[in-house]
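# Topology and contacts: notes
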Amino acid sequence: MSVRILALVGSLRAGSHNRQLAEAAVKLAPEGAEVNLYEGLAEIPFYNEDIDVEGSVPAAATRLRDAANAADGLILFTPEYNGTIPAVLKNAIDWLSRPYGAGALSGKPVAVVGTAFGQYGGVWAQDETRKSVGVAGGKVLEDVKLSIPGSVTRFAETHPADDAEVAQQLADVVARLHGDIAEPTAA
Ligand SMILES: Cc1cc2nc3c(=O)[nH]c(=O)nc-3n(C[C@H](O)[C@H](O)[C@H](O)COP(=O)(O)O)c2cc1C
């Protein structure tokens, strides 16, 4: 059976370059792995403990939890907003972090990558994302990194899947995540 990798994107805009990166990862998945791009983060209400109780959990949040539970690992694609993680992605992590100690990220290998316009490619946001996922119980692949600067110009005319350097780097990321799922390393 194929290894299932769930891709979450921290940008909601239709022309998102991070979404394009995720689309490229779908295409570049190695044999034996499939990357599924999650749709629906925009529909999930802000995390609120008052509604995270039996009978009140929003359907959109349950759908995300089910998708993450069904995955063997996750890859998170995020830009940087004002020096940190975009709210939509943080909200998804918050929903996936509960029930405490048994959230859908618990023990699951997670890689974090992304592109942003600034010269560091969004490293602050990606580092914050790794920190948050780790606190939420995920097994963060700390040495798997890809931060691509100049998103708006670099991908203005070229889809990341057609950018040979980026495609190779992304393929390596997916292969390493796949490898960790197939043969787990120590957390
Ligand atoms: C609200 C907002 C804040 C931003 N802050 C940063 C930032 O702190 N650092 C950075 O490198 N780029 C920043 N940018 C530019 C984004 O990195 C760039 O637009 C990126 O391509 C957005 O990701 P997307 O293409 O996936 O939508 C910001 C963009 C927006 C809309």
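These numbers were taken from a predicted model, which means no experiment stands behind them.

We now examine the side chain of His 17. Tracing the sequence through the fold places His 17 in helix α1 (residues 17–28). Side chain to side chain, His 17 and Gln 20 meet in a polar contact 3.0 Å long. Apart from residues lying up to four places away in sequence, His 17 is in contact with Thr 115, Ser 151, Val 152, Phe 155 and Pro 160.

As a further point, take the pairing of strand β4 (residues 109–115). Judged by how many residues are buried, β4 sits mostly within the fold: 7 of 7 residues are covered. Burial along β4 is two-sided: Pro 109, Ala 111, Val 113 and Thr 115 facing one way and Val 110, Val 112 and Gly 114 facing the other are all buried. Between strand β3 (residues 73–77) and its parallel partner β4, the chain crosses via helix α3 (residues 87–96), and the hand of that crossover is right-handed. Relative to strand β5 (residues 139–148), β4 runs parallel, the two sharing 6 bridges. Pairing of Pro 109 across the sheet is with Lys 139, part of β5. With respect to chirality, the unit in which β4 leads through helix α4 (residues 123–135) into the neighbouring parallel β5 is right-handed.

Attention now moves to the side chain of Asp 163. Structurally, Asp 163 can be placed in the loop between α5 (151–154) and α6 (164–182). At 3.1 Å, the side chain of Asp 163 and the backbone nitrogen of Val 166 are in polar contact. Sequence-distant contacts of Asp 163, that is, excluding residues within four places in its chain, are made with Arg 154, Phe 155 and Thr 158.

Opposite charge on two side chains allows them to pair when their charged atoms are near. For the coordinates displayed, the defined rule picks out 11 salt bridges. Two residues, Lys 90 and Asp 94, come together in a salt bridge whose shortest N-O distance is 2.9 Å. Placement of both Lys 90 and Asp 94 in helix α3 is noted, with a separation of 4 residues, approximately one turn of the helix. Given a relative accessible area of 31%, Lys 90 falls into the partly exposed group. For Asp 94, a relative accessible area of 23% puts it in the partly exposed group. For Glu 165, the salt bridge identified is with Arg 154, shortest N-O distance 2.8 Å.

What counts and what doesn't
- Residues numbered from 1 in each chain as written.
- Predicted model: local features only at pLDDT ≥ 70, side-chain atom pairs only at ≥ 80, totals over all residues.
- Heavy atoms only, no water.
- Helix = DSSP H or I, 4+ residues; strand = E, 2+ residues; numbered from the N terminus.
- Polar contact = N/O pair within 3.5 Å; in protein donor to acceptor, adjacent residues only side chain to side chain.
- Contact = heavy atoms within 4.5 Å.
- Buried < 20%, exposed > 50% of the residue type's maximum accessible area, 1.4 Å probe, protein only.
- Right-handed = clockwise from strand over helix to strand, strands pointing away.
- Pairing = 2+ DSSP bridges.
- Salt bridge = Lys/Arg side-chain N within 4 Å of Asp/Glu carboxyl O.

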